[in-house]
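Tertiary structure, described
The primary structure of each chain is shown beneath.
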Amino acid sequence: METVVSGIRSTGKLHLGNYYGAIQNFVKMQNEYNCYFFIADWHSLTTHPTPADLHDNVKQVLVEYLATGIDPEKATIYVQSDVPEITELYLYLNMNAYMGELERATSFKDKVRANPDNVNAGLLTYPVLMAADILIHKATKVPVGKDQEQHLEMARTFGNRFNRLYDNEYFPEPYAFSAGKSLVKIPGLDGKGKMGKSEGEANAVYLSDSPEVIRKKVMKALTDGGPTTENQEKPDYIQNLFDLMKVVSTPDTLSHFDELYNKMQIRYGDFKKQLAEDMIITTAPMRDKIEAIAADSDYLRKVARLGADKACESAAKTIKEVREIIGFRRF
Ligand code: TYM
């Protein structure tokens, strides 16, 4: 059976981008593959969370994983920092990762631009740690959103380089995966780009947002006076809202508003009201579970410990073999 690995950085609440870009696939894949889904708390250190925030953020992602329907009986759910073998593999892979290629990574360049005062080495080697996350379980499929595609290419590069250096075929090639036709990019509500945690609170709709908050955020999304000619191309900020409708609404609803737009009869107030209601409907089953799961500390402890045990077993096997390949011998 093929192995699947994916993770989410623990920087707080999950949003619709995380859900449609990644988690929806996790829930589907757990029935067919050997799945490892983890909470990337080491990756979250690049932005220096306080000790108090760190644990709460990990808990939030764990709770929301469970609320979306990821089943700890089917998939291995674990916290990255519970598996120290990952850092050892990260160290080995770092010996084979070159400054030039790390500096050229799009996400690194974006982070440098956004936070010029915090260009730390962890940020530079972020894709190496990600490769270690994936290769530690020798995964071949990695369900992620479009923004992670380049990181998967780098993971293949590092795995292949290791194989070449030690003249074997130890690591299989991992590929970004989507159960749909292609990798997904969910736009944000600010009309500019993707939905994300660092793009400001109003840009993202969170799985835990109340109906009132969702309505308020969606109604504030940027629109304009409406199309001025029939079948006019949509400006980006309008197209983004249609793209969001594509994931949360029925095809009939989408084509209804598309037609109104093309005939210049669209009323953006009605359009956004519908979009908000459909977001509320799709997130309701998850939102309803979040509070109850968060209150059940015993259950969370059981899930995290079971996941850590299973993930450590797989990781320890890989590290033992990697050490032998590299040439470490015990005296
Ligand atoms: P992170 O925490 O930024 O995002 C988690 C997942 O959500 C997807 N995603 C989106 N997909 C579509 N549209 C969006 N607007 C959107 N925003 C986020 C991301 O593509 C991702 O799949 N580096 C990773 C975490 C990670 C990881 C790994 C993933 C660490 N190690 C190993 C896979 C395998 C990250 O920061 O994702």
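What this report covers is the structure whose coordinates are included nearby. Each chain carries its own residue numbering, running from 1 in the direction its sequence is written. Whole-chain, interface and lining totals are the exception, using all residues; otherwise, since this is a predicted model, local features are given only for residues with pLDDT of at least 70 and side-chain atom pairs are given and counted only at 80 or more. In computing side-chain values, all of the structure's heavy atoms are included and hydrogens and water are not.

Let us now look at the overall build of the chain. Secondary structure elements are defined from DSSP: runs of H or I of at least 4 residues count as helices, runs of E of at least 2 residues count as strands, and each element is numbered from the N terminus. Regarding its fold elements, the chain presents 13 helices and five strands. This radius of gyration counts C-alpha atoms alone. The globule rule is 2.2 Å times how many residues there are, raised to the power 0.38. Against the 2.2 N^0.38 benchmark of 20 Å for 331 residues, the chain shows a C-alpha radius of gyration of 21 Å, consistent with a compact globule. With respect to the principal axes defined by its C-alpha atoms, the chain has extents near 80 × 45 × 40 Å. With a 1.4 Å probe rolled over the protein chains alone, any residue whose accessible area is under 20% of its type maximum counts as buried; one over 50% counts as exposed, and the rest are partly exposed. Counting all 331 residues of the chain, 49% fall into the buried class. Whether two residues are in contact is decided by their heavy atoms: any pair within 4.5 Å suffices. Across the chain, contacts joining residues at least 24 apart in sequence account for 78% of those joining residues at least 6 apart. Accessible surface, the chain as shown: approximately 16,500 Å² in total, 51% of it carbon and sulfur. As used throughout, the charge tally considers Lys and Arg to be positive and Asp and Glu to be negative, leaving His and the chain termini uncounted. By convention, the charge on Lys lies at NZ, on Arg at CZ, on Asp at CG and on Glu at CD. One way to put it: in the chain the 41 positive side-chain charges average out to a point 1 Å from where the 46 negative ones average out. All accessible-area figures derive from a Shrake-Rupley calculation using a 1.4 Å probe, and residue coverage is judged against the displayed protein chains alone.

A word on helix α12 (residues 268-295). Its 28 residues place the ends of α12 40 Å apart at the C-alpha level, agreeing with the 40 Å of an ideal helix rising 1.5 Å per residue. At any given residue, the bend is defined as the angle formed between two axes, one fitted to the seven residues that end at that position and one fitted to the seven that begin there. Along α12, the largest kink reaches about 50° and is centred on alanine 284; proline proline 285 follows within four residues of it. A helix is expected to span 1.5 Å multiplied by its residue count minus one.

As a further point, take the site of the ligand. We call a residue near a molecule or strand as soon as one heavy atom of that residue lies within 4 Å of the molecule or strand. The ligand sits among 27 residues. The nearest are Arg9, Tyr126, Asp133, Asp147 and Ile186. What qualifies as a polar contact is a pair of N or O atoms within 3.5 Å, subject to a donor-acceptor requirement within protein and to the restriction that residues adjacent in sequence count only when both atoms come from side chains. Here an oxygen atom of the ligand sits 2.7 Å away from a polar atom, N or O, in the side chain of arginine 9. In the model, an oxygen atom of the ligand is placed 2.8 Å from a nitrogen or oxygen of the glycine 145 main chain. When the ligand sits alone it has 700 Å² of accessible area, and the protein chains cover 98% of it. When residues of the shell around the ligand are traced back to their parent elements, those giving at least two are β1 (3-9), α1 (16-29), β2 (34-40) and α7 (126-135). Amino acids outside the nonpolar list (Ala, Val, Leu, Ile, Met, Phe, Trp, Tyr, Cys, Pro) and the charged list (Asp, Glu, Lys, Arg) are all regarded as polar, and Gly is one of them. Along the lines of polarity and charge, the residues of the shell around the ligand split into twelve nonpolar, nine polar and six charged.

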